[in-house]
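Structural overview
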Amino acid sequence: IDVVKHINEGRTSPLCKLDIYGMIAEKDVEQFQLEQESFPTYIRYMGVARPENSVTIMKPYYLHLFPTRFKTEGLPSSIIDAMCAGVPTLATEWNSANEFIENGINGIICKFDDYNDLKKALEYALENPGKIYKMKKVCLKDANKYSIDSVIAKTIAAMGLTEYENN
């Protein structure tokens, strides 16, 4: 939120907008509601997206932001949803980030819990739409890695089986 505000500071029209999706932890609801009251018009809380609608919701977006502060984050499904929608992810470097995001290829990885690096990475993305467009194409291709057929085939191969019967 602060990075987006900072990037837009002093402009007559915002360079970027931020839509926030997801649950707010119960312990943070009151603080978030107070902060939400002072959101500029280019920052909106959109609520919780239904899982079956997430790819459709993400398709029109330029970039998916995932600035996690949890170093031990697993695989966030929103990253796969973003890939399926053809939307690159800008994420902080949590311990598994490089397993899913190839920096500069299908997304952007910035330093973990580093405000200035996050700002620099977002500015880079905003200043380089041609590179983001190329990443969008790679995301759509990479999404196939996470399709049901691909996952089943990899599981069968890992089990040493040569064929699969659909019972």
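Here's a quick rundown of the structure. These numbers were taken from a predicted model, which means no experiment stands behind them. (Residues numbered from 1 in each chain as written. Predicted model: local features only at pLDDT ≥ 70, side-chain atom pairs only at ≥ 80, totals over all residues. Heavy atoms only, no water.)

Some thoughts on the pairing of strand β4 (residues 89–92)
With burial as the criterion, each face of β4 is covered, one bearing Thr89 and Ala91 and the other bearing Leu90 and Thr92. Relative to β4, strand β3 (residues 64–66) is paired through three bridges, and the arrangement is parallel. Directly across from phenylalanine 66, in β4, lies its bridge partner alanine 91. Following the backbone out of β3, through helix α4 (residues 77–85) and into the adjacent parallel β4, one traces a crossover that is right-handed. The pairing of β4 with strand β5 (residues 107–110) spans four bridges and is parallel. Pairing of leucine 90 across the sheet is with isoleucine 108, part of β5. (Buried < 20%, exposed > 50% of the residue type's maximum accessible area, 1.4 Å probe, protein only. Helix = DSSP H or I, 4+ residues; strand = E, 2+ residues; numbered from the N terminus. Pairing = 2+ DSSP bridges. Right-handed = clockwise from strand over helix to strand, strands pointing away.)

Description of the packing of helix α6 (residues 115–127) against helix α7 (residues 129–142)
Two elements in contact, α6 and α7, have axes whose closest approach is 5 Å; the angle formed by their N-to-C orientations is 90°. The angle between the axes of α6 and α7 places the two elements in the roughly perpendicular class. Between α6 and α7, the residues in contact are Tyr124, Ala125, Leu126 and Glu127 and Pro129, Lys131 and Ile132, respectively. Looking at the contact of α6 with α7 residue by residue, the class counts come to five nonpolar, no polar and two charged. (Axes fitted to C-alpha atoms, helices over the stretch in contact; angles between N-to-C directions. Parallel < 35°, antiparallel > 145°, perpendicular 65-115°, else oblique. Contact = heavy atoms within 4.5 Å. Nonpolar A, V, L, I, M, F, W, Y, C, P; charged D, E, K, R; others polar.)

Remarks on the sheet that holds β3
Spatially, the three strands line up as an open sheet ordered β3-β4-β5, and their pairing is parallel. Since the sheet does not close on itself, it has two edges, and those belong to β3 and β5, each with one partner. Adjacent strand axes in the sheet meet at a mean angle of 15°, parallel and antiparallel pairs treated alike. Across the face of the sheet, α4 comes into contact with β3 and β4 while running at roughly 165° to β3. The sheet strands contacting α6 are β3, β4 and β5, and the helix crosses β5 at an angle near 160°.

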